[in-house]
Amino acid sequence: RLAHIQDRLEIVHGDLLDQDSLIELLREWHPQEVYNLAAQSFVPTSFSQPVLTGEVTALGVTRLLDAIRMVDPAIRFYQASSSEMFGKVVEVPQTESTPFYPRSPYGVAKLYGHWITINYRESYDLHASSGMLFNHESPRRGLEFVTRKISHSVARIKLGLDRELRLGNLEAQRDWGFAGDYVKAMWLMLQQDAPDDYVVATGETHSVREFCEIAFDHVGLDWQDHVVVDERFFRPAEVDLLIGDPKKALSQLGWKAETSFDQLVRMMVDGDITELEGDAIVNQPESP
Ligand code: GDD
């Protein structure tokens, strides 16, 4: 996923399970800002591997914060908190002061990461901020997540490579935004004089079913001819509805989502069609 900018990056290795590797990285590279986007981030896997999820997604944050405290407490830190912490929502829409009710080992682990970030800020005066990001998607999203699973499948069906798309809960509702917009909010948080916590969201919610409707419609197909509901993709405990209130991000960071839901869905389907067509050209047998 970094291929398009790889020539402008220097990639170095560290592991959230290995604190010494983090200390070594900070000592060697002297970063001014650290963005912790690393996690076991797929919710269904957190049910099958809850302990590993806790080690990486929860304790990994402590290892990194503690390494910063030891090596250079002036480093500014961003923690990728998640709307999954709101889980079985107790208030609609969700704000920075909405009580948490996570519904998966992933959500529970993210909640630990969120609170340890606040704790290190308050205990050691670190410039540590937490972004409670609602779902953020792009054509580079992993195929296991529902948006990309849909866009990729729509492209395959359109190009005659597939016929059906098997999904779980079509009624789940998410506040989906474009990842490219959300990364700007992360950066803005670390440019502020004081660290803080922010909800980053569009303020709109849509169902998986709506995502399918727009995606199939974009290529002239009817989703109902292709989508099959499959019990295998349901979760032991579901988050039915997420919708964030991004007012604080607007008033304090001057940030708002620029890309609409419709634009996002179409961008993802177009991205997959372009990619699959490119593959088809590459794989064409050479003419004699
Ligand atoms: N993955 C997947 N596959 N989800 C499905 C499917 C399917 O076949 N069918 C329905 N869904 C529903 C899920 O039940 C869920 O309610 C919703 O689609 C979204 O699922 P995901 O795309 O897997 O994302 P998520 O909401 O669980 O979590 C994502 O967003 C969080 C908030 O930003 C992940 O990126 C998390 O790491 C992130 O924290």
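Below: a short report on this structure. (Residues numbered from 1 in each chain as written. Predicted model: local features only at pLDDT ≥ 70, side-chain atom pairs only at ≥ 80, totals over all residues. Heavy atoms only, no water.)

As for the overall build of the chain
Short version of the rule: Here a strand is any run of E in DSSP of at least two residues, a helix any run of H or I of at least four, and the numbering for each starts at the N terminus. Note that the radius of gyration is over C-alpha atoms, with the globule rule given as 2.2 Å times the number of residues to the power 0.38. When a residue's accessible area, from a 1.4 Å probe over protein chains only, is under 20% of the maximum for its type it is buried; when over 50% it is exposed; and in between it is partly exposed. Note on contacts: a residue pair is in contact if any heavy atoms of the two residues lie within 4.5 Å. Areas reported as accessible are Shrake-Rupley estimates using a 1.4 Å probe. Residue values count occlusion only from the protein chains shown. Only four residue types enter the charge count: Lys and Arg as positive, Asp and Glu as negative, with His and the chain ends excluded. Note that the charge is assigned to NZ on lysines, CZ on arginines, CG on aspartates and CD on glutamates.
Broken down by element type, the chain carries 9 helices and 10 strands. What you see for the chain is a C-alpha radius of gyration of 20 Å, in line with the 19 Å of a compact globule of 288 residues. For the chain, the spread of C-alpha atoms along the principal axes amounts to about 60 × 55 × 40 Å. The buried share of the chain, taken over its 288 residues, is 46%. Taking the intrachain contacts of the chain between residues at least 6 apart in sequence as the baseline, contacts between residues at least 24 apart amount to 79%. Here the chain displays about 14,700 Å² of accessible surface, and carbon together with sulfur accounts for 51% of that area. For the chain, the distance from the average position of its 27 positive side-chain charges to the average position of its 45 negative side-chain charges is 2 Å.

With respect to helix α5 (residues 146–158)
This is how the line gets drawn: Take the residue count of a helix, subtract one, and multiply by 1.5 Å to get its expected span.
Here α5 spans 18 Å end to end across 13 residues, near enough to the 18 Å set by a 1.5 Å rise per residue. For α5, the set of buried residues is Thr 147, Arg 148, Ile 150, Ser 151, His 152, Ser 153, Val 154, Ala 155 and Ile 157. With its phi angle positive at about 75°, Gly 160 sits one or two positions after the end of α5.

Things to note about unusual backbone geometry
The step from Val 92 to Pro 93 runs through a cis peptide bond, and the omega angle for that step is -5°. Positive phi is not limited to glycine here, since His 30 has a value of about 45°. Relative to the elements of secondary structure, His 30 occurs in the loop between α1 (19–29) and β1 (33–36). Look at Asp 125: it is not a glycine, yet its phi comes out positive at around 60°. Along the chain, Asp 125 turns up in the loop between α4 (105–124) and β3 (127–133). When its relative accessible area of 70% is taken as the criterion, Asp 125 is described as exposed.

A look at the side chain of Asp 175
Note the cut-off: What makes a salt bridge here is a side-chain nitrogen of Lys or Arg within 4 Å of a carboxyl oxygen of Asp or Glu, nothing more.
Topologically, Asp 175 is positioned in the loop between β6 (173–174) and β7 (177–178). The buried charged residue Asp 175 lacks any salt bridge, with Arg 174 as its nearest oppositely charged partner at 9.8 Å. Apart from the residues lying within four places of it in its own chain, the contact partners of Asp 175 are Phe 134, Asn 135, Tyr 182, Ala 201, Thr 202, Gly 203, Glu 204, Thr 205, Leu 242, Ile 243 and Gly 244.

Looking at the site of the ligand
Keep this limit in mind: If even one non-hydrogen atom of a residue comes within 4 Å of a molecule or strand, that residue is called near it. Any N or O atom pair separated by 3.5 Å or less is treated as a polar contact, with the protein-specific requirement of one donor-capable and one acceptor-capable atom, and with residues adjacent in sequence counted only for side-chain atom pairs.
Of all residues adjacent to the ligand, which total 25 residues, the nearest are Ser 41, Ser 82, Tyr 106, Arg 235 and Glu 238. At 2.6 Å from an oxygen atom of the ligand is found a side-chain nitrogen or oxygen belonging to Arg 235. Side-chain polar atom of Glu 238 to an oxygen atom of the ligand: 2.6 Å apart, as the coordinates give it. Calculation on the ligand without its partners gives an accessible area of 720 Å², and the protein chains cover 96% of this total.

Considering a negative patch on the surface
Put simply, the test is: Exposure above 30% relative accessible area and the lack of any salt bridge qualify a residue for a patch; like charges then connect within 9 Å, and the nonpolar side chains Val, Leu, Ile, Met, Phe, Trp and Tyr within 5 Å.
A cluster of like negative charges, contributed by Asp 15, Asp 18, Asp 20, Glu 24 and Glu 28, occupies part of the molecular surface. Position of Glu 24 relative to the elements: it lies in helix α1.

Remarks on α1
All buried positions along α1 are accounted for by Ser 21, Leu 22, Ile 23 and Leu 26. Of the surrounding elements, those touching the buried residues of α1 are β1 and α3 (50–71). Looking one or two places after α1, you find His 30, whose phi comes out positive at around 45°.

Quick notes on the nonpolar core
Operational definition: Side-chain atoms within 4.5 Å are what join buried Ala, Val, Leu, Ile, Met, Phe, Trp, Tyr and Cys residues into a set we call a nonpolar core.
Ile 150, Leu 167, Phe 216 and Val 227 are the most contacted members of the largest nonpolar core, which totals 26 residues. Secondary-structure elements contributing two or more residues to this core are α5, β5 (165–167), α7 (208–218) and α9 (261–283). Examining the composition of this core, we find that 7 residues originate from one element, α9, more than from any other. The residues contacting Ile 150, other than those within four sequence positions of it, are Leu 165, Leu 167, Val 208, Phe 211, Cys 212 and Ala 215. Membership of the second largest hydrophobic core comes to 17 residues, among which are Val 56, Leu 65, Phe 77 and Ala 128.

Some remarks on the packing of aromatic side chains
Quick reminder of the rule: When the centres of two rings from Phe, Tyr and Trp lie within 6.5 Å, Trp using its six-membered ring, the rings pair. Their planes under 30 degrees apart give stacked, over 60 give edge-to-face, and anything left gives tilted. We count a charge as sitting over a ring when the NZ of a lysine or the CZ of an arginine lies within 6 Å of the ring centre and within 35 degrees of the ring normal.
By the definition in use, this model includes 10 aromatic pairs. Measuring from ring centre to ring centre gives 6.0 Å for Trp 176 and Phe 261, while their planes differ by 20°; the resulting arrangement is stacked. Highlighted residues: Trp 176 in the loop between β6 and β7 and Phe 261 in helix α9, separated in sequence by 85 residues. Three or more aromatic residues joined by ring pairs form one cluster here, namely Phe 86, Phe 100, Trp 115 and Phe 134. Its guanidinium or amino end placed over the ring of Phe 145, Arg 141 lies 3.7 Å from that ring's centre, counting from NZ or CZ. Looking at Lys 248, its charged tip hangs above the ring of Tyr 198, at a distance of 5.0 Å from the centre.

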